[in-house]
Every structure is written in C-alpha cells, then in structure tokens.
Amino acid sequence: MRDPRWLHPGAWWVWALGMAAAASRTTNPLLLLLLIGSAALVVHARRPEEPWGRSFSFFLRLGVLVIVVRVAVQVLFGAAVGTTTLLDLPGLQLPVWLAGVRLGGDVTLESLLMALFDGLRLATILICIGAANSLASPTRLLKSVPAALYELGVSVVVALTFTPQLVSDVERLRNARRLRGRRTTGIRAIAGSAIPVLEGALERSVTLAAAMDSRGYGRRGTQPPAQRRAAAALLLGGLVAACIGIYGLVSTGSPALLGLPLLVLGTVATVGALALAGRSRVRTRYRPDPWRGPEWLVSAAGIVTAALFSAGAYLDVPGMMTAFDPPAWPQLPWIALVAIGVSTIPAWAAPPLPPSASRVEPVHVPEAVAA
Amino acid sequence: MIIFDDVSLTYPDQERPTLSHVDLRIPEGELVLVVGRTGSGKTTLLRAINGLVPHFTGGTLTGRILVDGRDTATHPPRELADVVGVVPQDPMSAFVTDTVEDELAYGMECLGLPADVMRRRVEETLDLLGLADIRNRALRSLSGGQRQRVAIGAVLAAHPKVLVLDEPTSALDPGAAEEVLAALQRLVHDLGVTVVMAEHRLERVLQYADQVILVPGDGAPVLFGAPEEMMRTAPIAPPVVELARLAGWQPLPLSVRDARRAAGSLRDLLVGQLPRLRSVADSPAERAGLDDLTVRYGTTPALRHASLRVGEGEVVALMGRNGAGKSTLLNTLVGVGPQPVGDVRVNGRNPRDLAGTDLLRSVGLVPQEPADLLEATSVAEECRVSDRDAGCDAGTTRALLALMAPEIQDGIHPRDLSEGQRLLLVLCIILAARPPLLLLDEPTRGLDYPTKARLARVLTDLADAGHAIVLATHDVELVAEIADRVVILAEGEIVADGTTAHVVTASPMFAPQVSKILAPSTWLTVRQVAVALEETEAAG
C-alpha cells in the first residue's frame, strides 16, 4: 500500500496539457470522447474533496456550451459545405464588402458535422484543462513557482482568499440594509453597498499588510544591488528574445536565425535570471512537494499520449481526421487507442489522497471542549 | 527584554500625543497585562513594541524602544520578526495562507529557516497548542478558538522571545477563551516567553498576570506595577476586584479562589437575604415566538427544532459556543438568512412578510458589526436619515442619542466614534421606530467596563419601558447584570432555558465571578450585593 500524499501539481498539469495537445491533433469524435472519458476517470479516482475539486463538472458544462455555440454559429453564419441539405433557413443577402459572411441559408449535414467535430475538439481541450484544475491545488501549484516570482505567488494567494470574504461582505451589508428598512434588491441597493464593501476590502488589505510585515515578509536579502540589477536586465532581455524567437518560428518569410536559436537563447537567459534572482532570497520553503516516481509516471503518461497522437496525425494514419464530406463512420486507429490507454495510467499511478483532505468538513464545526 | 525609554508618540493630524513619556522595563518571561479604557492608546503601545507604530502607521516617536537590544527606530517590523510575534485582534484578517500547517510555517519561511528545522517546529507547535487534529483543515472552516490558537501558533513557531496579543479572548466563548489562556500559561511557564497582552475582559485574564500596565489615556502618565497595587485604584476593574473594594478586603484578591477565602464574613452577613430582582409580569404578551424551528445552511443545520417565547418587558440572553446558532436565531427573527422550517412570529406576524417601515416598527437588530448599518458622513446626517426611514418626527433619533450619549457631537464622522459610541448610535437608530422587540448580537465585544455599565443601564430602562430584548453574548457578567432569562444553545439545539440565577449558577463555565465567590447563594452582581449591604446597614 502506497503512502497517501499529494501529487506534485506540476505533474498533473503536464499530464493535462499532454491530453489537451493530443486532443488538438484529431477531429475524430470517438477519440475525443474517449479522451474526455479518460480525463473523467482520472478525476474521479484522484479528485480531492476541496472547493477547487468540484470545478470539473463546471468545465464539462462549459464544454457542452462551447459545442452548442460552435454549431449555432455554423448554422447562422457559416458557409455551406457539401450537398446534403437538411434545412433551408431564410437567407439574407449581405453587401459585397462582407463577402464570405453569410446569414441563414442552407444547412447541410456536412457543415453541421464539421462544426460538431470542431466544437467537440475545443471542448475536449477545455475539459482537459478543467481536469488539471480540479486535481491540482492552486495554492500548492503557487508554492512551486520559482523563488524569484514569489511576490506574484503571494498576491495571487491573497486574491484567492479575498474573494470569498468579499462575497460574505456583500451578503452582510445586504442584510444590514434590510435592518434599516431599505430595499435589498435593485440597482440602488447594489450601489449603496458598493462603497462599504470596497472600504472593508481596503481596510483588510492594510491589516494583512501589517501582519505580513510583522511576520518578516520582505526581509532584506544579502545580494548586492549590482547583481540584482543584472538579474533584472537578464530577465527582461531573455523575455524579449524569446518573444522575437516565437514570432520568427510562427511567421513565414522571416530569416531562419530569428526563429529557433533566438527562442532557445531567450529561454536560457530567462531561466538563468530567475535562478540568479531566486538565490538572493532569504526565504525558504516548508515541505515542498517532492518529484518522485509517481510524478514521472503521470507526466510521462501525458507526454506519451501527446506524442502518439502527433505521430498519428503526422503519418496520416487513417481515422485521425474524420471525413465529413461525404460523411463516414469514424474509424478507431490503433495508435490513438494505445495513447488513450496510456493516458489513464494516472488513475492508478498517482498516490491516494491524504485521508483528511478527502473528507468533507462542515463549516460550522463546534469546538470540542478540551477535557 | 522590552525597554521603553521616555517614549512619546503623536499621530499625524493630532495635536496631543497618544502616549507621553512612557518608561517601562519588562523583564524576560513575564506575563504583562495592558489595561485601559477603549481608545486610551493600548493598541498603540502594543504595536510600538514591534515597530508597526510608527513604521506602518506614521506619527512621530520620540525616545527609544529597545526589544532584545534592538532599537525599533532602526529596525522595521520585518527585521524584528524573529524576536517579536504579534497576534492581531482579528486573527482571520491576518492569515496569509489557507491551511493550518502552511500558516504555521509561513513566518519561518519568511525568516529563511532550513526545511528540517521548520518541519520539526511545526510539529512541536501543533502539539503545544493542541492543533494536531486540524493540521490539514482550511483556516476558513475553523471555529473562533481554533483560529486564535492557530494565530498564536503561527507567530510562535518562529520562536520569538516576545509575544504580543491584542484582545485574544474578546470574541471567544468562555470555553474557547480558557483554552487560549491555558496555552499562553504554558508558554510563559515552560518556554519563558515574555507575553504582553491587552484585554477588556479582565475577569478572564487578571489572575494570570505578573505585571499590569495601566494606560489611563488622554496623555496621562502610564503606570506599571504589580496587579494588586494597580487594581486598587484602576478605573476599570473586574467584578472580583469591585466586590473586594466594596467589602474592603486586604490584600486585594485577584482570582475567585483568593476571594472565596476572604469572603466568609460577607457570606455570613448576607445570610437570609435574597438578591433584588427586576419584576416581570407573570404572563406577558408575546413579542417573539419560535415553534419547532429548523434552519439549514446548505445541508448543515444551524438551528434544530428550537422553540422559544419572549414576552413584553423581558430580557433574554442567548449563550453558547461560537457557531452554536445564536446569530442564526436572531437573524431568523428579522427574516434574514435561509428559509426556515417551522413557525416564526414577531408580534404575531412572520418577519419575512415585513419590510421597510413595517419591519422597523416591529423588530430591530443591532448586528455584530454595528458599523454595517451606518452610511452617512456625519452623526447629524445619520440621525436625519434614520428619522426618514422610521417615518417618525424629525429629531427623534437625535433626541434619543442626546439621552444615551450626550457627549457625541453632531458634525463628527461615524467612523471616528469609539466602538461603544458607535454601538449606542446604531441602537438609537434602531430605537427611533420604537420596535417592541429589540435584538442585539454580541453587543459588548471590545467595550470597556464603564461603557458596558452604560449599555446595561440603557437596556434595563428599555425593558422597564416594555421593550422585549434578546441578546446573544459570551459575556457572563453582562448577562448577570441585565438578563431575566438565559437560553443556552449547543449545536443548534436549545439545551437550557430558565431564570438567569438558575441557569448560570448551574455551570461553572457560565457563572459570573460574584456567584462563584458567594456560592451556594445566588448573588450574581456586585450591584445586588451593594444594595443588600446598604439595606442591612439602614436596618441595623
């Protein structure tokens, strides 16, 4: 029996992004549905009973919405593909300068299928991201950011804890309005409570800042100012180089030197700057999440899935892209099936969750009086 | 350990100094209690110890403050973090992370302690403060006492030599307060930590103090000395000291135990007398009624099958642990919160059907944060708006305020009032519509004894005038002072409902100090004893 522990959130994200990359390589609805199934299986097996753990169902609903919108857009505005007309909507002749955009008109089976598959692909990508969201604790992920980005991490954590407090403030002030005999709904009620809510938030942030200061946040490091400036310059330069590099890779017709070499150079400079800046911090980390066997297995599962799908698409394995003109029943290519099998590995490979985290704690727990 | 050397502090935009010429020498390993009226500068004194004043608040500080040899003038709070740990008034507002274990480690992470040291200290702190069972819990899901202990543990894990606490037990029920104080005791005795703490509820903490700092306010000199000495003349004193002053006991007892030893003759003197109680009509007209009421937040029940009746002219106190359902009960009576199952009546009507002036004229609630109800930029404006809301004659609210708090000026911004004054202003706003049922949620949090006494008088007068009053509170002394009946809630159920003397003397947790000293008779307050003694003297 393996010890229950949290898997490194980075591993979950590598796995989920691998799944998303795999989904982007196919339009085969059967494969996409299998990918969603695989994500759902893993989430079901290793999802913690925490607020963020419940976000998967939200992403499932979002996926359905994406498909519906995609199909609706196709029906209303898309150019007709194929000849199997299902429905003839009243069309509207648009002026010449809007050529290519169409309103209404014939709805064909082929164009519907195209939109459906396209929407399903987008939905699958979203659902994979959602899986990572519900499997990996956002605060644990922030603990793993490089030390140089620590301030950024803290502000995100503070924002995350402020939002629920803001919601309860609004609720409290709404009740207060009722106690003074005012209306609690409508624009004026909302406007009336906006200023006190903001005031409260501001006051709380000052209190929090004082508390963080008295607990040692931002103690002086030992790094000389020259070195700090060098790190900042290196970071800025590296990021600019990386941006130009990406542009060079994506755009056609730019010199080859502008592409990959510059991207590599920029990345190296950025990583170096982060390491340099991180060295100066006084700060240490309490119980950083370890990266051990299960982390390797989980992230490898994601990478292998993405690689197999990419290979299948590159080699034009029949069935990776589904024909919709004329419509044909999608095939199931073996390479993709193997990949989907691999993608479910985390459901077993990830360690079980710590027991206290997988139990729902009621909010109003009365304190046991110490005997 | 802590040296104040001729320290004066003036905040910007203020003419008079908040602290003037303070000289203190606090030795290592002492538990020092800072005592003073609201707004006297207690918090300023505490925050000066780690340099938050003036580094964070602004202001001019003259003189020198040395903590473990470090001058706060040259060391901002973050550079003192390894020596001084500060636990603020509301622990929730100062939490940086979201789980117990991470919060304990946060301070050490900032100080750059090695990972293995942090790991060991977190485990030690979890044991020391009894937090091991809740180490993975989210901070938001904790009860008040647990939060306070986590906040103490969070600064303690960094092993500071000085621990500064601002009102650590004010918001806690008696049981949770005892837990926190027991933890502090252990720190002072076993680890030699120097503890400096401000607290209004002297009855809870005075017996533990080694030294007392008395901050009289208004720039008067700060006094420092042994508790017995300081309490002899202090303007604020817990009931045990008031009783000792009344009976003339020497030396002055500070704990119930010492007072009981001295109380023999007083007990004999009072034999055959009974406390004078406020008379309430036998079967008063019903003002509020609950029948088999259940309220749920989601799936968590906050009230279960509660039945209660409150009559005209009655004062009923709701007591119980944090989260026992007291606030839910009050909210239900004004029609706020989730839809209840069961019957709620306020003057015979369902409060959910009432709104606007109708609601104001049948029930009023002073919430836990009275400031939520204030919105105008001056007291005069606030009173005008209140008259309009209540539909009463212009000037009604102002006249009430003049009666209850004559010192409050018209032009002042409600935010600049003291906590107690703000409470009285909100009370006047609520009373402008003359609601027959008045509800108060934790009215004495952060109030000093004189303000509390004033509130008690106001509430008693209102009850005599026929208002029915229900208040939720942890303050056993206030309950003893004004309540006719006490209702105790536990996990949403009503577990006791009876006359004050009967209910509070039944449990040491809820008993006021006077009743503990004079048990087994049922005297509850110093005032009752004083009246009885006067009558004895007049008769003899």
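Cut-offs applied
Residues numbered from 1 in each chain as written. Chains lettered and ligands numbered in written order. Predicted model: local features only at pLDDT ≥ 70, side-chain atom pairs only at ≥ 80, totals over all residues. Contact = placed C-beta atoms within 7 Å. Helix = DSSP H or I, 4+ residues; strand = E, 2+ residues; numbered from the N terminus. Nonpolar A, V, L, I, M, F, W, Y, C, P; charged D, E, K, R; others polar. Pairing = 2+ DSSP bridges. Axes fitted to C-alpha atoms, helices over the stretch in contact; angles between N-to-C directions. pLDDT = per-residue confidence, 0-100. Domains from an automatic or database assignment. Expected span 1.5 Å × (residues − 1). Buried ≥ 20, exposed ≤ 12 C-beta atoms within 10 Å, placed from the backbone. Parallel < 35°, antiparallel > 145°, perpendicular 65-115°, else oblique. Left-handed = near helix turned anticlockwise from the far one by under 90°. Core = buried A, V, L, I, M, F, W, Y, C linked by C-beta atoms within 7 Å.

A closer look at the interface of chain A and chain B
Part 1: The interface of chain A with chain B comprises 43 residues on the first partner and 57 residues on the second.
Part 2: For the side of chain A that touches chain B, the leading source of residues is helix α6 (residues 150-179) of chain A, giving nine residues.
Part 3: Here the residues of the side of chain A that touches chain B sort into 20 nonpolar, 11 polar and 12 charged.

With respect to the environment of B:Ile494
Residues and elements named next belong to chain B.
Part 1: In this structure, Ile494 sits in strand β19 (residues 493-499).
Part 2: Counting along the chain gives 187 residues from Ile494 to Ser307, while the straight-line C-alpha distance between them is 7.8 Å.
Part 3: Dropping the residues within four chain positions of it, Ile494 is found in contact with Ala306, Leu308, Val487 and Leu489.

Observations concerning the sheet that holds strand β14 (residues 341-346) of chain B
Sheets are built from strands that pair by backbone hydrogen bonding, the pairs being arranged parallel or antiparallel.
All names here are of chain B.
Part 1: Taking strand neighbours across the sheet as the criterion, the three strands line up as β12-β11-β14 in an open arrangement whose pairing is antiparallel. Taken across any chain shown, the strands that pair with only one partner, and hence form the sheet edges, are β12 (300-311) and β14. Here the average twist between neighbouring strands, direction ignored, is 15 degrees.
Part 2: In this sheet, β14 lies alongside strand β11 (residues 286-297) in antiparallel orientation, the contact comprising five bridges. Across the sheet, the residue bridging to Asp291 is Asp343, located in β14.

Structural notes on the pairing of β12(B)
Residue and element names in this part refer to chain B.
Part 1: Two strands pair when backbone bridges link them, and β11 and β12 are joined in this way by eight bridges, in the antiparallel orientation. Looking across to β12, one finds that Tyr297 is bridged to Thr300.
Part 2: What sits between the antiparallel neighbours β11 and β12 is a turn of two residues, in which Gly298 has the positive phi angle 65 degrees.

Side note on the confidence of the model for chain A
Part 1: Averaged over all residues, the pLDDT of chain A equals 80, while 86% of them reach at least 70.
Part 2: Contacts from residues 357-371 of chain A, a stretch scored under 50 in pLDDT, to residues over four places away or in other chains number 32 contacts.

Here we look at the domain arrangement of chain B
All names here are of chain B.
Part 1: Domain boundaries assigned for chain B yield domain 1 (2-236) and domain 2 (286-507).
Part 2: Between domain 1 and domain 2, the contact holds 17 residues from the first and 16 residues from the second.
Part 3: The set of elements that each furnish at least two residues to the side of domain 1 that touches domain 2 consists of α5 (144-156) and α6 (174-191).
Part 4: Here the element with the most residues in the side of domain 1 that touches domain 2 is α6; it accounts for three residues.
Part 5: Each residue belonging to the side of domain 1 that touches domain 2 can be placed in one class, and the counts come to five nonpolar, eight polar and four charged.

Examining helix α4 (residues 109-135) of chain A
Part 1: Compared with the 39 Å implied by 1.5 Å per residue over 27 residues, the 38 Å span of α4(A) between its first and last C-alpha is a close match.
Part 2: When you tally the buried positions in α4(A), you get 20 out of 27 residues, the bulk of the element.

Overview of helix α12 (residues 326-333) of chain B
Residue and element names in this part refer to chain B.
Part 1: Counting buried residues in α12 gives eight out of eight residues, a clear majority hidden from the surface.
Part 2: All of the buried residues in α12 are Lys326, Ser327, Thr328, Leu329, Leu330, Asn331, Thr332 and Leu333.
Part 3: At the exit of α12 stands Gly335, carrying a positive phi of roughly 75 degrees.

Remarks on the packing of helix α2 (residues 29-46) of chain A against α4(A)
Residues and elements named next belong to chain A.
Part 1: Interaxial distance between α2 and α4 falls to 10 Å at its minimum, and their mutual angle equals 15 degrees. On the basis of their axis angle, the class for α2 and α4 is roughly parallel. The hand of the α2/α4 crossing is left-handed. Where α2 approaches α4, its residues Pro29, Leu32, Leu35, Ile36, Ala39, Val42, Val43 and Arg46 are matched on the opposing element by Phe117, Leu120, Arg121, Thr124, Ile127, Cys128, Ala131, Ser134 and Leu135.
Part 2: Partitioned by chemical class, the residues of the contact of α2 with α4 number 13 nonpolar, two polar and two charged.

Remarks on the packing of helix α3 (residues 100-111) of chain B against helix α4 (residues 115-128) of chain B
Angle between the axes and distance between the axes: these two values describe a pair of packed helices.
All names here are of chain B.
Part 1: Relative orientation of the contacting elements α3 and α4 amounts to 130 degrees, with a least axis distance of 10 Å. Judged by the angle between their axes, α3 and α4 are oblique. Crossing of α3 against α4: the hand is right-handed. Counting all contacts with α3, which are made through Glu101, Leu104, Ala105 and Met108, the residues of α4 involved are Met118, Arg121, Val122 and Thr125.
Part 2: Its residues assigned to classes, the contact of α3 with α4 shows five nonpolar, one polar and two charged.

Re the sheet that holds strand β3 (residues 31-36) of chain B
Residues and elements named next belong to chain B.
Part 1: If you walk across this open sheet you meet the six strands as β6-β7-β8-β3-β9-β10, and the pairing is mixed. Two strands bound the open sheet, and with one partner strand each, they are β6 (84-87) and β10 (223-225). Strand after strand, the sheet turns through a mean of 15 degrees between neighbouring axes, direction not considered.
Part 2: In this sheet, strand β9 (residues 211-215) lies alongside β3 in parallel orientation, the contact comprising five bridges. Directly across from Val34, in β9, lies its bridge partner Ile213.
Part 3: Contacts from α5 reach β6 and β7 (162-166), with the element oriented near 165 degrees to β6.

Digging into unusual backbone geometry
Generally, phi is negative for residues other than glycine and the peptide bonds are trans, each holding for most cases.
Part 1: A cis amide bond, omega 0 degrees, links B:Val53 with the succeeding residue B:Pro54.
Part 2: Relative to the helices and strands, B:Pro54 resides in helix α2 (residues 52-55).
Part 3: Look at the link from B:Gln250 to B:Pro251: it is a cis peptide, with omega at -10 degrees.
Part 4: Phi at A:Arg287 takes a positive value of approximately 40 degrees, unusual for a residue other than glycine.
Part 5: Relative to the helices and strands, A:Arg287 is located in the loop between α9 (260-279) and α10 (293-314).
Part 6: When the 14 C-beta atoms within 10 Å are taken as the criterion, A:Arg287 is described as partly exposed.
Part 7: The backbone phi angle of B:Asp13 is positive, close to 65 degrees, even though this residue is not glycine.

With respect to the nonpolar core
Part 1: With 187 residues, the main nonpolar core has B:Val34, B:Val162, B:Val164, B:Val196, B:Leu439 and B:Val504 as its most contacted residues.
Part 2: Sequence-distant contacts of B:Val34, defined by excluding residues within four places in its chain, comprise B:Lys42, B:Leu45, B:Leu46, B:Val196, B:Met197, B:Ala198, B:Ile213 and B:Val215.
Part 3: Counting 50 residues, the second largest nonpolar core, distinct from the first, contains A:Leu7, A:Val71, A:Leu113 and A:Phe324.

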